[in-house]
Structures are given as structure tokens and as C-alpha cells.
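If you want the building blocks of each chain, they are given just below.
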Amino acid sequence: IILIAPKSWAMGLSDFFQAGTAYMTHVVAHETGHNAMAHMAGGEDVRMDFFQQQSGNFFVGVSSVGEIEKKSVLPFRAAGLVASNHTFDLALLSYRAQPTTYNQALLFFSGTDFLWYSVWSFYINESNDPSYDPVGISQGTGLSSEAILGVALVQTALNAFRFYSGDDTYIPYVAVDEERMNIGLRIRF
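Residues numbered from 1 in each chain as written. Predicted model: local features only at pLDDT ≥ 70, side-chain atom pairs only at ≥ 80, totals over all residues. Heavy atoms only, no water.

> Got a minute to help me understand the layout of surface pockets in this structure?
Gaps left between atoms are located by rolling a probe of water-molecule size over the structure's atoms. One number sums up the size of the largest pocket: a volume of about 540 Å³. Contributing to the lining of the largest pocket are 28 residues, with Glu31, Phe59, Gly61, Tyr117 and Ser131 lying nearest its centre. Every element with two or more residues in the lining of the largest pocket is listed here: helix H1 (7-40), strand S2 (57-64), helix H2 (73-97) and helix H4 (113-125). It is S2 that provides the largest number of residues to the lining of the largest pocket, a total of 7 residues. Looking at the lining of the largest pocket residue by residue, the class counts come to 15 nonpolar, 9 polar and 4 charged. Lining the second largest pocket are Phe88, Gln104, Leu107, Phe108, Gly111, Thr112, Thr156, Asn159, Ala160, Phe163 and Tyr164. Put simply, the parts of the chain that give the lining of the second largest pocket at least two residues each are helix H3 (101-111) and helix H6 (145-165). With 5 residues, the single largest contributor to the lining of the second largest pocket is H6. Grouping the amino acids of the lining of the second largest pocket by side-chain chemistry returns 6 nonpolar, 5 polar and no charged. (1 Å grid on protein atoms, 1.4 Å probe; cavity = no way out; pocket = protein on both sides within 12 Å on 5 of 7 lines; lining within 4 Å. Points joined across faces, edges and corners; volume = space filled by probe spheres on them. Helix = DSSP H or I, 4+ residues; strand = E, 2+ residues; numbered from the N terminus. Nonpolar A, V, L, I, M, F, W, Y, C, P; charged D, E, K, R; others polar.)

> How should I be thinking about the pairing of strand S4 (residues 181-187) in this particular structure?
Consecutive side chains along a regular strand alternate between the two faces of the sheet. Examined bridge by bridge, strand S3 (residues 170-176) and S4 share 7 bridges and lie antiparallel to one another. Bridging across to S4, Val176 finds its partner in Met181. Where S3 folds back onto S4 in an antiparallel hairpin, the turn is made up of 4 residues. (Pairing = 2+ DSSP bridges.)

> Looking at this structure, I do not really get the pattern of salt bridges. What am I missing?
Any two side chains of opposite charge can pair, given that their charged atoms come close. In this structure the tally under the stated criterion is 8 salt bridges. A salt bridge links Glu179 to Lys71; its shortest N-O distance comes to 3.2 Å. Residue Glu179 is located in the loop between S3 and S4, and its partner Lys71 is located in the loop between S2 and H2; the two are separated by 108 residues in the primary sequence. Take Glu179: its relative accessible area is 42%, and that puts it in the partly exposed class. One salt bridge connects Arg96 with Asp168, and the closest N-O pair in it is separated by 2.5 Å. Of this pair, Arg96 sits in helix H2 while Asp168 is found in the loop between H6 and S3, placing the two residues 72 residues apart along the sequence. You can call Asp168 buried: its relative accessible area is 17%. (Salt bridge = Lys/Arg side-chain N within 4 Å of Asp/Glu carboxyl O. Buried < 20%, exposed > 50% of the residue type's maximum accessible area, 1.4 Å probe, protein only.)

> Got a minute to help me understand unusual backbone geometry in this structure?
Apart from glycine, the bulk of residues carry a negative phi angle, and the bulk of peptide bonds sit in the trans form. Although it is not a glycine, Asp45 adopts a positive phi angle of roughly 55°. Along the polypeptide, Asp45 turns up in the loop between H1 and strand S1 (47-54). For Asp45, a relative accessible area of 60% translates into the label exposed. Phi angles above zero are rare outside glycine, and Phe51 is one such case at about 55°. Looking at where Phe51 falls in the secondary structure, it is placed in strand S1.

> So what exactly am I meant to see when it comes to the nonpolar core here?
Within soluble globular proteins, side chains that are nonpolar tend to cluster in buried spots. The biggest cluster of nonpolar side chains holds 18 residues, and the ones touching the most others in it are Ile137, Val174 and Met181. Looking at this core, the elements that each hand over two or more residues are S2, H2, H4, helix H5 (133-141) and H6. Setting aside residues up to four positions removed in sequence, Val174 forms contacts with Ala78, Leu81, Val82, Asn85, Gln155, Met181, Asn182 and Ile183. Of all hydrophobic cores here, the second largest spans 9 residues; its members include Tyr95, Ala105, Leu106 and Leu107. (Core = buried A, V, L, I, M, F, W, Y, C linked by side-chain atoms within 4.5 Å. Contact = heavy atoms within 4.5 Å.)

> Would you mind going over empty space enclosed by the protein with me for this structure?
On inspection of all chains with the given rule, the structure shows 2 cavities of 30 Å³ or more. Roughly 40 Å³ of volume is contained in the largest cavity. Going through the elements one at a time, H2, H3 and H4 are the ones with two or more residues in the lining of the largest cavity. Grouping the constituent residues of the lining of the largest cavity by class yields 2 nonpolar, 5 polar and 1 charged. By volume, the second largest cavity is sized at about 30 Å³. Taken together, Asn85, Phe88, Asp89, Asn159, Arg162, Ile171 and Pro172 make up the full set of residues lining the second largest cavity. Broken down by class, the residue content of the lining of the second largest cavity amounts to 3 nonpolar, 2 polar and 2 charged.

Structure, rendered in C-alpha cells:
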């Protein structure tokens, strides 16, 4: 017996898989950012794992480093956000050239990464575990959870503005090197 699904079901299933693939692309890119920073900083025992349970918490993706210089801990924690920002920019270029469910979903996941991760880390999970990037960034910078959430809200709002308006005058960014983390706003003239 051969069952043929209506075309709308096939389209819905295709969209579902494209969105799922976009989510996993986002997670892999985010974790690759951490992994690359750990290697740049000379970290030892660098690992990147997926679907892991650690200390009673579940992580879709998690990067860890056994030993890293103290000055490189904050950049390591922020490097996933750097990768998410680059992923957003690439997905935006792709979406503007040819909109697809995949690049639209990738825009959503990478463009809202810092916001949902902050809300989860500070207000839903509330474990104060520095392995969650926003908590580690808060502890490393001395910024309060409210300040981190405020930065995440501004970044997400600017990402949404860029998507809906097509205007790239204001571009939020996170940058790292082996010793520093920078959060800022690029203004194109």
C-alpha cells in the first residue's frame, strides 16, 4: 500500500526539518565559537559535546576546556555569542538573496540566542551555574543579570530591525581575543 500525503503536509514536514536543521546549525556554530577560542587561548583538554547531562543540567551543546589561563575564561564564555552573531549575518545575507525556511529559522535562532539564553540562565533555570554563558559573562564582568539581559534585549531588537527593515546602519557585535571581550555597536555611514 502506498500512501501519498497531501502536498501541504509535505511542505509542512519539509519546513519542520529545515527549521530543525537550522537549530542544530546554530548550536554547532555557537559551540564551535567556544571551541575555537579555547584553542586560540592555548586551552588544554578542549571538548565539544552534544546532548549532554552535566551537574543535573541538560545541554544541547556544550564546550569545555580542562585548563585555560584565567585571562581567557571570559573570552571563552563569550565566544559562542561571537559565532552566533556571525551566523546571523550570514543567514541574513542568504535570506535577502533567496528566502527559505532554513535561513529564516537560522536568523531566528542566531538572532535571539543571547536573549533566550539570558532569560533561561537567569530567570528560568536560576542555577547560577557559570557554565551557562550569560551567568559566566555576568560573573566575569561584574555586570548584573539585569544589565546582561538589557544588552541581550538591545541586540535582539537591533537584529529584528535589520531583518524587517533591510537597514544595516546599526549592527550589534560581540568580539573576543585571548584576553578581552567587547560588546558594541557598529554604525555604518
